[in-house]
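Structural overview for review
Okay, here's what each chain looks like letter by letter:
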Amino acid sequence: MEACDLFDGMAAFERKRSGLGAGSTSADFLGQALWVTLAAVVVSGIGLLAGYTPTTARSFPSVEYIQLSFPLGWWLRGVHKFGTDLFVILAILRLIRLAYRRAYKFGGEFTWQAAVRLLLFGVFAGVTGYLLVWNQRAFWMGGSLAEAAESGGIFEQVYPLGGLGLSEWIPKGPLGDAAMSQGVLRGVFAAHIALGFLAMLAAFYLRTYPRKEVPHWRRYSNYVAPRVQWLVIGALTILALILPPPLGSHSDTLLKPYPILADWYFLWLYRLAEIVTPAVALTIVGLIFLIAMYLPWLDGSRRKGPRPVVTALIAASLITWMMLTLEGAGWELPNLASLVLTTLVWIIALVLGAFAENWRASGRGKKGDEEVRSP
Amino acid sequence: MTVQGEKSGLDEFETGSAIGLAPFEEGAGILLDELSEAGPGMLEEIDFSIEPFRLSEMLGKIPGENGIEEEGEPSPTEEPGAPEGAVQGPGDETAAIETVAADEIREEEPPHEAEPEEREPKRVPEPANPVIGFVCEHALDVGGLVDARGMMIQSTKVHLISVPCAGMVKPSWLRHALDNGASGAFVVSCTPGSCRHRTGASVTVARWEGKARPMLLSRCDRRRLKLFLDHKANRKEILREIGEFVKEIGKLDAAGEEPQEKPIESIDIDGL
Amino acid sequence: MKRLVVKSSRPGRYLRFRESCGRCVSLLEFYAARFFGETSNPFALTGALIVALMVVSAITGIAMLLHYTPTPETAVQSVRRLTDHVYLGSLVRALHRTSADLLVISILFHLFRNWATGRYTGPRSRNWVIGLLALPLIGIIGWSGYVLPWDERGMVLLAWGREIAYGPDQWPILGWLRPGSIIGWPLFSVSNEADQLLRIFALHVGGAFVAIWLVLRHLRPGTPPRARLPLAVWIGLALLLLVIAAMLPLENEDLLTFNPFGQPATVRVDALVSFPLLFYPIFGGSFLAFLILLVWIGLAWLPRFERRKVPAAVVSEIACTGCGLCYNDCPYGAIAMMPHRDPLKRSRGREIAKILLRSCNSCGICVGSCSFGAIELPALMTGEILSRIEGALRADRETTAKEHLSEGVV
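Residues numbered from 1 in each chain as written. Chains lettered and ligands numbered in written order. Predicted model: local features only at pLDDT ≥ 70, side-chain atom pairs only at ≥ 80, totals over all residues. Heavy atoms only, no water.

**What to know about the overall build of chain A**
Within chain A, the secondary structure is distributed over 14 helices and 0 strands. Listed by position from the N terminus, the elements making up chain A come as α-α-α-α-α-α-α-α-α-α-α-α-α-α. Every one of the 375 residues in chain A was classed for burial, and the buried ones make up 49%. As displayed, chain A has an accessible area near 18,400 Å², and 71% of this comes from carbon and sulfur atoms. (Helix = DSSP H or I, 4+ residues; strand = E, 2+ residues; numbered from the N terminus. Buried < 20%, exposed > 50% of the residue type's maximum accessible area, 1.4 Å probe, protein only. Areas by Shrake-Rupley, 256 points an atom, 1.4 Å probe, with all protein chains shown as cover.)

**Side note on the domain arrangement of chain A**
Residues and elements named next belong to chain A. When cut into domains, chain A gives domain 1 (4-254) and domain 2 (262-375). Listed by partner, the interface residues are 31 residues for domain 1 and 31 residues for domain 2. Of the roughly 2,600 Å² buried between domain 1 and domain 2 on both sides combined, carbon and sulfur atoms contribute 70%. On the domain 1 side of the contact with domain 2, Arg102, Tyr104 and Phe106 bury the most area, a combined 22% of that side's loss. The interface formed by domain 1 and domain 2 holds 0 salt bridges in total. (Domains from an automatic or database assignment. Contact = heavy atoms within 4.5 Å. Buried area = accessible area lost by both parts, 1.4 Å probe. Salt bridge = Lys/Arg side-chain N within 4 Å of Asp/Glu carboxyl O.)

**Overview of unusual backbone geometry**
B:Pro214 follows B:Arg213 through a cis peptide bond whose omega is -5°. On the secondary structure map, B:Pro214 appears in the loop between α6 (200-208) and β5 (225-229). Not every positive phi belongs to a glycine, and B:Arg198 is a case in point at roughly 75°. One non-glycine residue with positive phi stands out, namely C:Trp150, at about 60°.

**Concerning helix α14 (residues 382-407) of chain C**
Here α14(C) contains 26 residues, and its C-alpha end-to-end distance of 37 Å stays within 8% of the 38 Å for a straight helix at 1.5 Å per residue. Taken as a whole, α14(C) has its buried residues at C:Thr382, C:Ile385, C:Ile389, C:Ala392, C:Leu393, C:Ala395, C:Asp396 and C:Glu403. Turning to α14(C), the residues buried within the fold contact β2 (131-136), β3 (158-163) and α5 (171-179) of chain B together with α13 (365-369) and β5 (375-376) of chain C. (Expected span 1.5 Å × (residues − 1).)

**Side note on the confidence of the model for chain A**
Residues and elements named next belong to chain A. Within chain A, residue pLDDT values average 72, and 69% of them lie at 70 or more. Here helix α7 (residues 154-158) stands out as the element of chain A with the lowest mean pLDDT, 45, in contrast to helix α4 (residues 73-100), whose mean of 87 is the highest. Of the regions scoring below 50 in pLDDT, residues 367-375 engages in 12 contacts with residues more than four places distant in sequence or in other chains. (pLDDT = per-residue confidence, 0-100.)

**Some remarks on the pattern of salt bridges**
Two side chains of opposite charge can pair, provided their charged atoms sit close to one another. All told, the structure shown has 12 salt bridges over all chains when counted by the stated rule. Among the salt bridges present, the one from B:Lys157 reaches C:Asp396, with a minimum N-O distance of 2.7 Å. On the criterion of chain membership, the pair formed by B:Lys157 in the loop between β2 and β3 and C:Asp396 in helix α14 is interchain, its members lying in two chains. The exposure class of B:Lys157 is buried, given its relative accessible area of 5%. Judged by relative accessible area, which is 8%, C:Asp396 ranks as buried. Notably, a salt bridge pairs C:Asp329 with B:Arg207, separated by 3.3 Å at the nearest N-O pair. Taken together, the residues C:Asp329 in helix α11 (residues 325-329) and B:Arg207 in helix α6 connect one chain to another.

**Notes on a nonpolar patch on the surface**
Residue and element names in this part refer to chain C. Residues Phe275, Leu278, Phe279, Ile282, Phe283, Phe287, Phe290 and Leu294 make up a contiguous nonpolar surface patch of about 740 Å² in total accessible area. Among the secondary structure elements, Phe283 is positioned in helix α10 (residues 280-301). Assessed through its relative accessible area of 35%, Phe283 is described here as partly exposed. (Patch = residues over 30% accessible without salt bridge, like charges linked within 9 Å, V, L, I, M, F, W, Y side chains within 5 Å.)

**Some details on the confidence of the model for chain C**
All names here are of chain C. Scored by pLDDT, chain C comes out at a mean of 83, with 89% of its residues at no less than 70. Between the elements of chain C, mean pLDDT differs from a low of 48, seen in strand β1 (residues 4-6), to a high of 92, seen in α13. Confidence over residues 1-8 falls short of pLDDT 50; this stretch has 46 contacts with residues more than four positions distant or in other chains. Scored as a complex, the prediction yields pTM 0.75 and ipTM 0.79.

**A short note on helix α5 (residues 109-132) of chain A**
Residues and elements named next belong to chain A. Along its 24 residues, α5 runs 35 Å from first to last C-alpha, staying within 8% of the 34 Å computed at 1.5 Å per residue. Among the 24 residues that make up α5, 19 are buried, leaving the element largely enclosed by the rest of the structure. Following α5 by one or two positions, Trp134 adopts a phi angle in the positive range, close to 65°.

**Description of the sheet that holds β5(B)**
All names here are of chain B. Spatially, β3-β2-β4-β5 is the arrangement adopted by the 4 strands of the open sheet, whose pairing is parallel. Of all strands in the sheet, those bounded by a partner on one side alone are β3 and β5. Neighbour to neighbour, the strand axes of the sheet diverge by 15° on average, direction disregarded. Of the strand pairs in this sheet, β2 and strand β4 (residues 184-189) are connected by 5 bridges, and their pairing is parallel. (Pairing = 2+ DSSP bridges. Axes fitted to C-alpha atoms, helices over the stretch in contact; angles between N-to-C directions.)

**A closer look at the nonpolar core**
The biggest cluster of nonpolar side chains holds 110 residues, and the ones touching the most others in it are A:Phe189, A:Ile193, C:Trp143, C:Phe201 and C:Leu229. Residues contacting C:Leu229, with those up to four places away along its chain left out, are C:Leu45, C:Ala48, C:Leu49, C:Ala52, C:Trp234 and C:Leu237. (Core = buried A, V, L, I, M, F, W, Y, C linked by side-chain atoms within 4.5 Å.)

**Describing the packing of α4(A) against helix α13 (residues 308-328) of chain A**
Residue and element names in this part refer to chain A. At a closest axis distance of 9 Å, the pairing of α4 and α13 adopts a crossing angle of 155°. What the angle tells us is that α4 and α13 run roughly antiparallel. Between α4 and α13, the contacting residues are Ile92, Ile96, Ala99 and Tyr100 on the first element and Val310, Thr311, Ile314, Leu318 and Trp321 on the second. Split into classes, the residues belonging to the contact of α4 with α13 amount to 8 nonpolar, 1 polar and no charged. (Parallel < 35°, antiparallel > 145°, perpendicular 65-115°, else oblique. Nonpolar A, V, L, I, M, F, W, Y, C, P; charged D, E, K, R; others polar.)

**Some points on the packing of helix α4 (residues 89-116) of chain C against helix α9 (residues 231-247) of chain C**
All names here are of chain C. The interhelical angle for the contact between α4 and α9, taken along N-to-C directions, is 115°, at an axis separation of 9 Å. Crossing of α4 over α9 shows right-handed handedness. For the pair α4 and α9, the contacting residues are Leu91, Ala94, Leu95, Thr98, Ser99 and Leu102 in the first and Leu240, Leu241, Leu242, Ile244 and Ala245 in the second. A class-by-class count of the residues in the contact of α4 with α9 yields 9 nonpolar, 2 polar and no charged. (Left-handed = near helix turned anticlockwise from the far one by under 90°.)

**Remarks on the packing of aromatic side chains**
Enumeration over the complete set of coordinates arrives at 25 aromatic pairs over all chains. Taken together, a centroid distance of 6.0 Å and an interplanar angle of 80° make the contact between B:Phe228 and B:Phe245 edge-to-face. Placement of B:Phe228 in strand β5 and of B:Phe245 in helix α7 (residues 235-254) is noted, with a sequence separation of 17 residues between them. By the burial criterion, B:Phe228 is buried, and B:Phe245 matches it. Between C:Phe283 and C:Phe287, the ring centres sit 5.2 Å apart and the planes meet at 65°, which makes this aromatic pair edge-to-face. Of the two residues, C:Phe283 and C:Phe287 both sit in helix α10, 4 residues apart, roughly one turn of that helix. (Phe/Tyr/Trp six-rings, centres within 6.5 Å; stacked < 30°, edge-to-face > 60°.)

**Section: the environment of A:Gly122**
Residues and elements named next belong to chain A. Assignment of secondary structure puts Gly122 in helix α5. In this structure Gly122 comes out as buried when scored by relative accessible area, which is 6%. Between the alpha carbons of Gly122 and Asp85 there is a distance of 8.7 Å; along the sequence they are 37 residues apart. Every residue in contact with Gly122, bar those within four places of it in the chain, is listed here: Thr84, Phe87 and Val88.

**What about the pairing of β4(B)?**
Residue and element names in this part refer to chain B. For β4, a buried count of 6 out of 6 residues is recorded, marking the element as mostly surrounded by other parts of the structure. Residues Gly184, Phe186 and Val188 of β4 are buried on one face, and the alternating residues Ala185, Val187 and Ser189, pointing to the opposite face, are buried as well. Direction of pairing for β4 relative to β5: parallel, over a ladder of 5 bridges. Looking across to β5, one finds that Phe186 is bridged to Lys226. A crossover links β4 with its parallel partner β5, the connecting element being α6, and its sense is right-handed. (Right-handed = clockwise from strand over helix to strand, strands pointing away.)

**Description of the state of the cysteines**
Residues and elements named next belong to chain C. Tallied over the entire structure, the rule returns 0 disulfides over all chains. Lacking any disulfide linkage, Cys21 is separated from the closest cysteine sulfur, that of Cys24, by 6.2 Å. Cys366 takes part in no disulfide bond, and the closest cysteine sulfur to it belongs to Cys363, at a distance of 6.2 Å. (Disulfide = S-S within 2.5 Å.)

**Notes on the side chain of C:Arg18**
Residues and elements named next belong to chain C. If you trace the backbone, Arg18 turns up in helix α1 (residues 13-36). The class for Arg18 is buried, based on a relative accessible area of 4%. A polar contact is formed between the side chain of Arg18 and the side chain of Tyr120, at a distance of 3.0 Å. If we skip the residues at most four places from it in the chain, Arg18 touches Trp115, Ala116, Gly118, Tyr120 and Glu306. (Polar contact = N/O pair within 3.5 Å; in protein donor to acceptor, adjacent residues only side chain to side chain.)

What follows is the structure, given as structure tokens:
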């Protein structure tokens, strides 16, 4: 079973290099598209750097200037925003594919962890980038996130941020809510750029060092088929044209909008924080992170090949996540109904998964996957 | 680096070398510009009657024969690195260099203590059969050292073959040399940090240690095989160490030990 | 008595000069290896040093980004505040400056070492050119770092930079095409101070991203290069940086607010980060730009003079078993494994090695790794080597036999 590589352009590259033609197939589309998207986001980010001023007074006007007057500014901003969204979607798809093919076992642990980290980089880079616009929406979203962190309480004790000049991290505004100041903006800006660096470094590390189960040295593998490049850049450009990222209005410390909306990939967190208290929501997030990072070791079965239980659990998590996101976006459903629905989904998933697992284990499934004996 | 008429290239061999080389006679050679130009056809046209030097004469502890002064024999007790492992690591290098430096000092001093008449001339034995050496062209330039057949000028018993990288040397060549009657074989390589082709030296070390395939077979007599890891700035040292190794082989041969095979314990096809 | 002696070929003057430089470098490496140990020799790890210093610069730079605002009014104040009031701020700033200096030194030594030891010929010319692209980029990033505080020195250096960029406009013949305006347009075609500072800022940070991308492309396909420093060298490097940063602190007196009426003619810069700037007061912008271009083109054309002389390796289709050992060992990534051309073998999943001629440097490591004799260098084939060995052994036997006869020994 071929294990998945994060940047799976390797197979296409070898095929091309060996002269047998046939660049990319659908199997490596994800990896190549991920790389092109990352490159597009970084390049457009560098362009945006030349127009964006990271001060509270001038950040929003500079973003307006970029969108409306800066040469090709609309393209830069659109590609940057939709590129990030595409990056997050591809990273999630990548994780799903790794998980249901169960490629995180038997040597693929590092690839799995790197994929999780890359998704986290993408998501946090998106959040910080969102904040940088400094319009109403961003301002208050940042405030509520900061509030959640403060009310969570655990984070402040874990990270002593005072020493590096970040003691003004969560000041209070005139309405008593957490307000975002210049120091915070600088911190967010630095974090945004740092995450960009980290993403590139993660890509470099993944490319240069081989996976253990592959006997050969893995080579330079950022080959991207031209048609994938055109497809991704073209799609992002078209999106930038027809759906210009909204500007909103300049942030106003005295006017709090309702509802406070976040990026689409954080809406589930908002909804969760409404159902349970923010502190519990953050704890759940921490648990999910731990489970995700250490899934290869939680799944201890020595059998090779996909496990139906894992697939079922992943499907259930996805459905829950989608429901939470939709509800966070405003799709109304009575609390009780959604709770019952979610519970049903999980029970069905677990039952189906257990049955499928038994069926397979008793050998009536596909030719049984052999147990992996330790060498 | 020319040889005819000039002693410049061989100055370093005139004194202090462990092999005890004699100075090259003036006007005694025909020069070829490049070995590549001397294709097989060209070599046949040239008079091949070469009178070889005898190593024992050069080591010449027979006073008065060549006019070479007698030298005291360097102490045979401490020869670090040579009999044990086949691979010479950095620690061994320094130890070998230090010991050899001590020898050199001793050789350069006139032998005050011993009286020439009383002392029996001791011959340092030469190997019974040739020693084949594979030399990385970046570690050691064989120009001026060898004749067209690869035989070292200073010694009939050492043949050098220049390769573009030590990684090119197949362990089966060394085994082939030993099996066909050579007294020993060695490889001169750059240090792993300075290999011109990046990984040749480390690949060679791995093959000799059995950590990379194709491996140097463990049944080959490791006393007669040696890997020199030397920096190309260090030409004198490399030649001195080669001389030491050749002397060791000579002692082994003199003690009557044939190049021996260990019994084959398992089917071993050159490291597959 | 005639002897046939192989003479070393006498190369041309340039090659002799380069070889002597190479010997100096090798000698330096040799003594350094004795001191540092074989695996931790920084003089053999120049590339990894560069990567490590780039990482240090990036981390310290991002740390400073927390406190710096790129507006003309607040730039100087923010840097002063960083140096004076932020915990460890002056140390971080000094580390940034020191690591940038050491980075330029390392790049220059890396360039010299690889030129002197001939590691730029043949397939390695691609790396050479990419490295030559990275060098001026790093220099420009360093220059822009001086401009960022928007103080007196920064303004002077900005003006110098503008003169150098627009310098080609004043070249005698080519100047008619206005190359300087084309070069200078992306950076200097602004209408106000704020935009200028933002562009310099984008150059500084964005340039770092581009430098990382260039390093990614510089790393040769093949066995992974030693791009990671051993821990011992990392610790030594960190200590060195801290010591230098502590000994040469950045003074706040350097940050004088810009006085448009009294520009100094020369300013104090670290000679290493942007050393061409030292020559600006002497040469002026136009000539300096010409000199830089000349040196760069000369260096970039060097590999052209030493093309491949030895043919690349060849694979025997009959003997190759597809084991892949040559593919593992090739340091240039010049071998690819592809499905066998013979349909019968292909149907059984057999692969064959294929040489990528563009990448092969004729080193012969693949020959050493093949147990089946399926890959050979045409210039030096296994048959010839084995016949040489046998010839030497045979000649010696005959000579010994002759002597024994003449001496009367049976």
